[in-house]
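Structural overview for review
Next come the chains, spelled out residue by residue.
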Amino acid sequence: MLDLLSKDRIVNETGLRAALHYLDAISSSGATELQATVEDMLSSPHIFAYIVSVWDRREAIISQIMTDFPTKFQEYPASIAGKMLDNLSMYFLTLPDESLAMDVSRDISRHRGFIERALPVLCALDTMKFASAGSFENEIDLFDVRSDYGFTTKKVPQKMRKRNRRLKAHMTIDTSLFARLGVVVPLTSEDAASLSTHILAKLKDTLLFYLSLLRRTELTGDIKASLFPNMGESAKDVAPEVSSTEDVESPTNLPDAYQMVQPVESALYFDNADGFGEWRILVSAEAYKNLREFRRTDQKMFKIIFKKIRQLSNGQFLDDDLKPRNGPDAGIPIYDAKITSDLRLVYQIDCVPDQDGKSERQGEPSAIIVLGEIWDALGSHLARKGKEYCKRRTFRNRPVISNDCVILPASFPPAEHEPECSGSPLDLSDEDIDHLHSLLVLEKYVTFSQAILNSLIAKQDVQHVFILSPQEQKVVECTTSCYVLGRSGTGKTTTMLFRILGIQRAWEMSGVDMPKPRQIFVTKSRVLATKVEEYFTKLLRSMGLAGYTLEDFVKLKAPSVQEGLVDLDDLPESQMNIPMKYSELEDKHFPLFVTLDRLAKMIAADVLSKDVSKTRDNAGRFFSVDDAEAHDCFVTYDVFASQYWPHFPQKLTKNLNPWLVFSEFMGIIKGSQHTLTCPEGALNRPKYLRLSHRSHPNFASQREILYDIFEYYTKIKRQRRHHDVADRTHAILKALRSQRFPGQQIDYLYVDEAQDNLLIDALFLRQLCRNPDGLFWAGDTAQTISAGSSFRFEDLSEFLYRTEQQNISVNSAGACLPQPTTFQLAINYRSHGGIVNCAHSVIELITKFWRNTIDNLQPEKGVVDGLKPVFFTGWDKDTVRYEQFLFGASGSHIEFGAQQCILVRDDAARQKLRDQIGEIGLIMTLHESKGLEFNDVLLYNFFEDSVVDLSRWRVVLNGIDGQGHVPNFERYKARYAGVCSELKLLYVGITRARKNMWIVDKSDKSDPMRTFWTSRNQVQNCTPGTDFPHLAVSSTPEEWASFGRSLFSHKSYSQAIHCFKRANLRHEVKVCEAYQLREVARSSVGVALPSDQKRAFNVAANVFDDCGATATGDQKLQYYRSSADCYVRAGDDLKAAEAYLNAQEFEQAAKRYRKVGQFDKILQVLDDHGMNIPEETRAELFSNKERL
């Protein structure tokens, strides 16, 4: 009869009444049958909750369950009450938050956390023994494994077995289980019984709380909707006494995963390794590296180090372990634990939040390093965090047993924020300041978990989830949509990645049958999308390692690393592991990390059909997958500058910056929210002229001229059948107005570097996500240097707010409008305070004069002080050339390292400098450098090469208190608009540096900014005759090769060539030269004569062909494919066919052979590779054969 309670039977009123009648019968027949029925229903918590919520005789079963609640901890795990608690606590997490009062929702999460922590404690109590057995060291420990793994069983001395017998209860179990529950480990059997009674009583109250929720009539509709998500209105009258709560139909046939995933806190929380105690051990990346090296080279020393770390985690502090390494007046003590006569484990005792964030607990960040005498400075710097911070970190509990060395960590309530105390400047050498910066800013700390221990033993280098800052943790755990704003290096992308990871991991750990959450990470940069995906994969892999046995771990193979150089944008769509259409995405593709361009193409492939008359033209323009010339149809800024700008009337473009003009076209005239109501997808002239000068200050006094140029642009683009990013977005939005969204909508959307997109892109991105609380937008409008972008996050939030209002008014009148949370990340984890303060002063100028062009954020901070940027000044044309001071005298050999870069304004400036100083290092333009970072940066002639003249640069002097060099700024604001863009570019240049920033400029135009910085003591001026820093630092071939690959991925081919030459990697140099030659050929399109264009593509094709001949694997195929594409552009179809054949692109090879009349070659391709050619193409080629 149990099939009476199945979902299929109770879906209608007749089946439901039969099920309730059956329950009425068995409730009076005896407890045994009733318990069996309840257990069966609990196999589907949704059915159990629904039945109890509508059954009018439920009180009898509830009373019976509460009466039978276990009174002994041994009975609880297998009891019906225990199973019910586990199922109901998970079930109520799936109900939508809007259905529950805020306090109820909070209690549901809190109770679930208690249940998760209580069961392990009850199980531990069941295994604890309080007799005088051996001590901690008598356990089977890590090293008692087969000698195959490098360890042998070691007999424990009798003296060690006898000590600390009273602590057996502590040391034979994982004491951290008790710590997380907030209870003390019992030392006697009486204490254990009392603790179990307390826990069981609390669990009983918790069960009563959940059962009371099932009785609430206002929840009945939501409970029913969770079981029948697609029934709609017809389901509301199925059950007797069901409330009329509205039920909005789910957009798909699956329940929404975002409603079922647990909070991510527990998914990203890691316990200490097995056998460790209550002190949470955090190890730095440098310490982890050292441990791996000891494990590889000196296993005996590794065992000694491991044993010391494990002793500290169990609170076994010997006398020497708590002696500060720094002086008594140095603030926070820094300890070192003796390992050998010449090796110390350096650590401090810090406080870290518990998993639930409701308390702080002492733990031990450690590092196995003994470098430099900086410990006094480190302690003093940490002491600046305030009195309460110092008090908590220096407090120690008394030993568990008098006169013993075992101390347990203290717990404290969450600390209130304290303002940092000012301190005297740190008296350190440059080297020690650099070391301090690395320890406090660049280092990442991870819990010494079982996964880490396993990876060390198996000698595998694995990425691990590191500890986030409290503010970053809030972002990751936020349950609403959010906007995350932060300047460069503040951790925006990190919070996105960890949130994706937490949700994915929570789903994997849930143990509940629910759909996989669909998450998409979107950014404009292919490099960033690829890097984030790779890092996500490594972290997800490492999180699953804790459950591996040592044997499994040793057998585990490290993932293969693909060392070839291939431009990811060249990969054919068949090799991208994602389908061409969005509607074809499956669960296996998620989380999906993709560029906005690729995502837009996937959606366009669904909604812009060549078979529908309304979309046929757009489909033809946007999809020329097999056409090698399709690359030139898309108008990027480079295409605009080379192929369009020279054809505009010079009287219109005189004194205008093409970059700013293109940004105005894309960001305002075609990409702003006002264009959504324009039939042509662009503002007409009257609407453009009426835009607020305050909100859109660029070209405020030149809009007539700008629109004249825009009309020329539109005309030429139409003649050439080109399209730009705004055309594609408008086409997609237009198609979506008349058809349903293709495929299944996602649960979570993450948009990184949102400022690089058009505002209208946000609208089609928003339509991807069905979860109003699943949107994550991150970026920084101070870094808006991508041509075509022109908005603030304030504009984005207002735009999306109006969009949500429209969605609610259309879909569910009266519903609550979701309110996203805004976070500001202000701590810079890339650069030190000297660089951060200088960069922030640039932001202050932009905010002061052009407040509507940038989001106003709280001041950015560096964690530690550092060297101020050095401004080289005083050299002019009448003095000795300053290049010899910076780059060496003529004929001398000087070379910048791989982590050093010279930044210039454009290609012309780079070539001019290269002619003067030769190949001494990396020279990049500011636009090329975005997204990269270096230890040292030299900004060269930024002001001299600026198109803004000195009279306009002097506006920055108004930022000096008491100065008024431009008294009528507001009146002539439009005249100074170019300075705003220059300052944003300057900010990007400064924030590329991690350690040293040097500014070299002999132009008078640099004086205003230098004067401004000098007045604030934010730069160090260096003039002829004074000591200046040594700039060049050497690098190893391996460092050059590593950074060369990074530059290649950013398409900086000429700079990558320089790196690979330094690394003596000839093949890599050749590959970069091929890509560089192709870039030159592409830039010639529309500019050079057709014969010169073909010649340029032919040269590139030949070099790619040479690369293919010496490469292997996938790289070989890709180089031949690129060679073939270039031969097509060169007009050499025969060579193109041969290259396509080498690339195993048999369809393209046959088509090219047909074009040149090589029919015997076509037949050979069909005979040898016909099965690899689409049937339609094969039939067409065979028809040609028949006509021969």
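Everything here concerns the structure above.
Quick look at the structure, then. Quantities reported herein were computed from a predicted structural model and do not represent experimental measurements.

Turning to the overall build of the protein chain, a few remarks are in order. Counting its regular elements, the protein chain contains 47 helices and 21 strands. Looking at the 1188 residues of the protein chain, the share that counts as buried comes to 54%. Considering only residue pairs separated by 6 or more positions, the protein chain has 73% of its internal contacts joining residues 24 or more positions apart. Surface accessibility of the protein chain: about 53,300 Å² in total, with carbon and sulfur atoms responsible for 49%.

Attention now goes to helix α22 (residues 596-607). With 12 residues, α22 ought to run about 16 Å at 1.5 Å a step, and its terminal C-alpha atoms sit 16 Å apart, in line with that. The element α22 is largely enclosed, with a buried count of 10 among its 12 residues. Regarding α22, the residues found buried are L596, R598, L599, A600, M602, I603, A604, A605, D606 and V607.

The next point concerns the side chain of R830. When you line up the elements, R830 lands in the loop between β14 (827-828) and α32 (833-849). Using a relative accessible area of 12% as the deciding quantity, one classes R830 as buried. Here the side chain of R830 touches E933 through a polar contact of 3.1 Å, side chain to side chain. Within the structure, R830 has its side chain in polar contact with the backbone oxygen of T991 (distance 2.8 Å).

Looking now at the environment of Y713. Position of Y713 relative to the elements: it lies in helix α28 (residues 703-720). Judged by relative accessible area, which is 0%, Y713 ranks as buried. C-alpha of Y713 to C-alpha of F665: the two residues are 48 residues apart in sequence and 9.3 Å apart in space. Setting aside anything within four residues of it in sequence, one finds Y713 in contact with V635, F640, Y644, F648, F662, F665, M666 and D724.

Our focus in this paragraph is the sheet that holds strand β17 (residues 900-904). Ordered in space as β18-β17-β19-β20-β16-β21, the six strands form an open sheet in which the pairing is parallel. Either end of the sheet is taken by a strand with one partner, and the two such strands are β18 (922-925) and β21 (1020-1022). Sheet twist, expressed as the average angle between the axes of neighbouring strands with direction ignored, equals 25 degrees. Bridge analysis of strand β19 (residues 934-940) against strand β20 (residues 993-1000) gives six bridges, and the strand direction is parallel. When the bridges of β20 are listed, V937 appears paired with M997.

Here we come to helix α19 (residues 492-509). Counted at 1.5 Å a residue, the expected span for α19 with its 18 residues is 26 Å, and the 26 Å between its end C-alpha atoms agrees. Among the 18 residues that make up α19, 13 are buried, leaving the element largely enclosed by the rest of the structure.

This part takes up the nonpolar core. Core analysis: the largest hydrophobic core is formed by 84 residues, its most contacted members being L983, L986, M1009 and W1013. Excluding residues that lie within four positions of it along the chain, W1013 makes contacts with C838, S841, V842, F871, L986, I990, I999, Q1018 and V1019.

Turning to the pattern of salt bridges, a few remarks are in order. The final tally for this structure, using the stated rule, is 30 salt bridges. Across the pair D724 and K670 runs a salt bridge, and its minimum N-O distance is 2.8 Å. Linking D724 in the loop between α28 and α29 (725-738) with K670 in helix α26 (residues 658-670), this pair joins segments that are 54 residues apart in sequence. This pair shows no difference in class: D724 is buried, exactly as K670 is. Overlapping salt bridges, with partners in common, bring together K670, K717, D724 and D727 in one network.

Reading guide: rules and limits
Residues numbered from 1 in each chain as written. Predicted model: local features only at pLDDT ≥ 70, side-chain atom pairs only at ≥ 80, totals over all residues. Heavy atoms only, no water. Helix = DSSP H or I, 4+ residues; strand = E, 2+ residues; numbered from the N terminus. Buried < 20%, exposed > 50% of the residue type's maximum accessible area, 1.4 Å probe, protein only. Contact = heavy atoms within 4.5 Å. Areas by Shrake-Rupley, 256 points an atom, 1.4 Å probe, with all protein chains shown as cover. Expected span 1.5 Å × (residues − 1). Polar contact = N/O pair within 3.5 Å; in protein donor to acceptor, adjacent residues only side chain to side chain. Pairing = 2+ DSSP bridges. Axes fitted to C-alpha atoms, helices over the stretch in contact; angles between N-to-C directions. Core = buried A, V, L, I, M, F, W, Y, C linked by side-chain atoms within 4.5 Å. Salt bridge = Lys/Arg side-chain N within 4 Å of Asp/Glu carboxyl O.

By themselves, these observations are geometric and do not establish any function.
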